[in-house]
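The primary structure of each chain is shown beneath.
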Amino acid sequence: MRGLLGLAPVLALMVGCGGSSSSTTPAPAKDPVKAVTEGAKDLAKDAKVAAKDLAKDVKDGAKDLAKDAKDKVEAGKAELAKLAELATKEYPAIQTKINGLTGDAKTKATDAFEALKKMVEDAKTAVSDPAKWKAAMDAITMKLAELKKQVGL
């Protein structure tokens, strides 16, 4: 009997706790159609934001490319101005000296002068590539110095 008396309080607790006296109420079940619709709306909203961001990035990238192109054109104009200056300042003096030469010296100087002119024309196509431009200008500068020495300038 002693064993049953010890069991009675445990049973009373179990019976008292077994009721539905819970203080929380279960959440109502979500409507699956509504959940899918909300998810689709969220995806559409995210896609719209992403599209706006992408459009802004493309626009900014295009502006940067345009600025870079403009800078390259301006740099190219400056480099071409160097070639034009060479033609207007150096060519007449060289031509005058060549005209004063005779024989083999005149022929060699004329050939060297024509080669210099060709190098200048070829350099115009290298304006957009800094490495090629530098190499072309270095070659022109060296050829010009040789030609000036050859004709006595």
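Residues numbered from 1 in each chain as written. Predicted model: local features only at pLDDT ≥ 70, side-chain atom pairs only at ≥ 80, totals over all residues. Heavy atoms only, no water.

Asker: Residues and numbers for the environment of Tyr 91, please.
Answerer: In this fold, Tyr 91 is placed in helix α2 (residues 32-100). Accessibility expressed as a relative area gives 14% for Tyr 91, which makes it buried. Among all residues touching Tyr 91, those that are not within four sequence positions of it are Leu 86, Phe 113, Leu 116, Lys 117 and Val 120. (Helix = DSSP H or I, 4+ residues; strand = E, 2+ residues; numbered from the N terminus. Buried < 20%, exposed > 50% of the residue type's maximum accessible area, 1.4 Å probe, protein only. Contact = heavy atoms within 4.5 Å.)

Asker: So what's going on with helix α3 (residues 103-124)? Residues and values would help.
Answerer: Its 22 residues place the ends of α3 32 Å apart at the C-alpha level, agreeing with the 32 Å of an ideal helix rising 1.5 Å per residue. The complete set of buried residues in α3 reads Ala 109, Ala 112, Phe 113, Leu 116, Val 120 and Ala 123. What you see down the axis of α3 is that its buried residues fit within an arc of 105°, all on one side. Away from its buried face, by an angle of more than 90 degrees, α3 presents the exposed residues Gly 103, Asp 104, Asp 111 and Lys 118. (Expected span 1.5 Å × (residues − 1). Arc of directions from axis to C-beta.)

Asker: Kindly report on the pattern of salt bridges, identifying the contributing residues and their values.
Answerer: Overall, the coordinates contain eight salt bridges when judged by the stated rule. The partner of Glu 90 in a salt bridge is Lys 148, with the nearest N and O atoms 2.9 Å apart. Note that Glu 90 is positioned in helix α2 and Lys 148 in helix α4 (residues 130-151), a separation of 58 residues in sequence. Note that Glu 121 and Lys 124 form a salt bridge whose closest N and O atoms lie 3.0 Å from each other. Of this pair, Glu 121 and Lys 124 both sit in helix α3, three residues apart, roughly one helical turn. Given the relative accessible area of 38%, Lys 124 is considered partly exposed. (Salt bridge = Lys/Arg side-chain N within 4 Å of Asp/Glu carboxyl O.)

Asker: Pulling in residues and values, what's your account of the nonpolar core?
Answerer: Of all hydrophobic cores here, the largest spans 19 residues; its most connected members are Leu 83, Phe 113, Leu 116, Ile 140 and Leu 147. Those elements that provide at least two residues to this core are α2, α3 and α4. Tallying contributions element by element places α4 first for this core, with seven residues. (Core = buried A, V, L, I, M, F, W, Y, C linked by side-chain atoms within 4.5 Å.)

Asker: Could you give an account of the packing of aromatic side chains, naming the residues involved and the relevant values?
Answerer: Taken as a whole and judged by the stated rule, the model has one aromatic pair. Look at Tyr 91 and Phe 113: their rings are 5.2 Å apart centre to centre, the planes differ by 85°, and that puts the pair in the edge-to-face class. With a gap of 22 residues between them, Tyr 91 in helix α2 and Phe 113 in helix α3 connect regions that are remote in the sequence. A relative accessible area of 2% means that Phe 113 is categorised as buried. (Phe/Tyr/Trp six-rings, centres within 6.5 Å; stacked < 30°, edge-to-face > 60°.)

By themselves, these are just geometric observations and shouldn't be taken as functional.
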